Amino acid sequence: MSCGCNSSGDSTHSCATKSTTGCSNVDSCGNSYKLSVFDWLSTIKAPQQNKCSFVEVRFKNDRKSYYNNANNLPLHIGSVVTVESNPGHDIGVVSLTGELVKIQMKKKNFNEELSPKIYRVSTQKDVEIWQDVRKKEESVKIQARKIAKSLGLEMKITDVEYQGDGAKATFYYTAEGRVDFRQLIKEYASNFKTKIDMKQIGYRQESAKVGGIGSCGRELCCSTWLTDFRSVNTNAARYQQLSINPLKLAGQCGKLKCCLNFELDSYVDALNDFPSSSTVLDTEKGKAFCIKIDVFKRKMWFAYVENSMAWYDIDVADVKKMISTNRKGNKAAPLEDFKKSYSADDKVETVDLIQENNLDRFEKKIKVETEIEETTTSNNLTTDLKITILKKELKIRLITE
């Protein structure tokens, strides 16, 4: 058996990456959407005596675990397997095999001795039961939210995941504080007729499970490749010279975007060579203070205390020379000697390349080529002919495809 995208029927089918041998529906396949893995050692055969017996199995959304292939089953990426669980058994999709599994287990401090076993490659009956319980999850989630609301609990049911055999249902929820859900579990058990497991997750983990599109236009990092959620604070935005705007800095989880940490180290290293942003220069025309810093152009913008509307961009090397001059007890040269000023009166010509302010930018215009025979010796069109051409052009503009 293979994954639920129904694009293949054998175990050699791969749902991990979009490739010539992989899943063509990797963007829509429910088993290959989140935290996909690229096996860059797939074409290299390991020695038989050192062959890794552990495989990585992926379940719903971002849940993964490692299992021991004690029976030496012929497993490949995309194989649907029945694995050990408590109680009963669970069904998942193999997402990684070979030597890379050992690296992942070592990275996550996974104990090999405590790893559960793989029972078998899932049969048709196993997959049918698995798919039936998966279809119930959305309706169960809605009903679970109604029950939690009726009990007056301050919590949100984010996701519901049934075990492969339907013997257990895990309810993931978010809450600001501690929730007493003893009565809630009794209600769930009587309504859903299965073992109930409650797991509290954070808001970042909620976004990882739900998924979505970020402001950059790409899928959320937490649902595609990011596994460790490091703390992000506003200092990361300040180091990168970003305005402290909560609407722009917050992600779909309501917290600061994880991507603020991605380039933070590079900015910190670059800023080590910059003078402090609180630097005040003593020039012949008065004192000047720093307005902003441009890390990429290696420039600092200064303005006089008496005239803060005029900004001067100065190279970092020149700023250091001016600071050295001030330390010697001398006044530095005026800012005008280093760079051109940019005041509020300066007019900057802008070009609207994407036609953002054009209301009819999405309309397809039809170009009309008319050949007009010149009937006058002055090579000028008559007034009646000009009016006729203008009317035709106006009618065509009103027509959109």
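Residues numbered from 1 in each chain as written. Predicted model: local features only at pLDDT ≥ 70, side-chain atom pairs only at ≥ 80, totals over all residues. Heavy atoms only, no water.

**Some thoughts on the packing of aromatic side chains**
In this description, an aromatic ring pair is defined by two values, namely the gap between the centres and the angle between the planes. Filter applied, for reference: A pair of Phe, Tyr and Trp rings is counted when the ring centres sit within 6.5 Å of each other, with Trp represented by its six-membered ring. The angle between the planes then sorts it: under 30 degrees is stacked, over 60 is edge-to-face, the rest tilted. Note on classification: 1.4 Å probe, protein chains only; a residue is buried when its accessible area is under 20% of the maximum for its type, exposed when over 50%, partly exposed between these limits. Distance and angle both matter: a charge sits over a ring if NZ of Lys or CZ of Arg is within 6 Å of the ring centre and within 35 degrees of the ring normal.
Using the criterion set out here, one finds 10 aromatic pairs in the structure. Relative to Tyr67, the ring of Phe59 lies with its centre 6.1 Å away and its plane at 65°, an arrangement referred to as edge-to-face. Since its relative accessible area comes to 6%, Tyr67 is described here as buried. Geometrically, the ring pair formed by Tyr173 and Phe181 is edge-to-face, given 5.7 Å between the ring centres and 75° between the ring planes. Following the ring pairs from residue to residue traces out a cluster consisting of Phe171, Tyr188 and Phe192. Sitting over the face of the ring of Tyr172, Lys209 holds its NZ or CZ atom 3.9 Å from the ring centroid.

**Examining the pairing of strand E7 (residues 168–174)**
Threshold: Secondary structure follows DSSP: runs of H or I at least 4 residues long count as helices, runs of E at least 2 residues long count as strands, and numbering of each begins at the N terminus. Two strands pair under a simple rule: DSSP has to find at least two bridges between them.
With seven of seven residues buried, E7 is to be regarded as a mostly interior element. Residues of E7 alternate between two faces, with Lys168, Thr170, Tyr172 and Thr174 on one and Ala169, Phe171 and Tyr173 on the opposite face, all of them buried. Summarising the sheet, strand E6 (residues 156–162) and E7 pair through six bridges and their orientation is antiparallel. Directly across from Glu161, in E7, lies its bridge partner Thr170. In this structure, the hairpin formed by E6 and E7 is closed by a connection of five residues, where Gly166 is found at a positive phi of approximately 75°.

**As for the nonpolar core**
For clarity, the cut-off: Only buried Ala, Val, Leu, Ile, Met, Phe, Trp, Tyr and Cys residues count toward a nonpolar core, and they belong to the same one when joined by side-chain atoms within 4.5 Å. Contacts are assigned to residue pairs that have any heavy atoms within 4.5 Å of one another.
Counting 21 residues, the largest nonpolar core has Met155, Ile157, Phe171, Leu184, Tyr188, Phe192 and Met198 as the members making the most contacts within it. For this core, the secondary-structure elements that each account for two or more residues are helix H2 (124–150), E6, E7, helix H3 (182–192) and strand E8 (195–200). When near neighbours in sequence (up to four residues on either side) are disregarded, Met155 contacts Ala148, Tyr173, Thr174, Ala175, Val179, Leu184 and Met198. Ile293, Tyr304, Ile314 and Val316 belong to the second-largest nonpolar core, a separate cluster that totals 20 residues.

**Description of the packing of H2 against H3**
Just so we agree on the cut-off: Where helices are involved, their axes are fitted lines through C-alpha atoms of the stretch in contact, as for all axes, and angles between N-to-C directions lie from 0 to 180°. Relative orientations are named as follows: roughly parallel for angles under 35 degrees, roughly antiparallel for angles over 145 degrees, roughly perpendicular for angles from 65 to 115 degrees, and oblique for any other angle. By definition, turning the near helix anticlockwise from the far helix through less than a right angle yields a left-handed crossing, and turning it clockwise yields a right-handed one. Under the scheme applied here, ten amino acids are nonpolar (Ala, Val, Leu, Ile, Met, Phe, Trp, Tyr, Cys and Pro), four are charged (Asp, Glu, Lys and Arg), and all others, including Gly, are polar.
It is at 11 Å that the axes of H2 and H3 come closest, and there the two elements cross at 140°. As far as their axial angle goes, H3 and H2 are oblique. Both H2 and H3 take part in a crossing whose hand is right-handed. Mapping the contact onto sequence places Val140, Gln143, Ala144, Arg145, Ile147 and Ala148 in H2 and Leu184, Glu187, Tyr188, Asn191 and Phe192 in H3. A breakdown of the residues in the contact of H2 with H3 according to their chemical character gives seven nonpolar, two polar and two charged.

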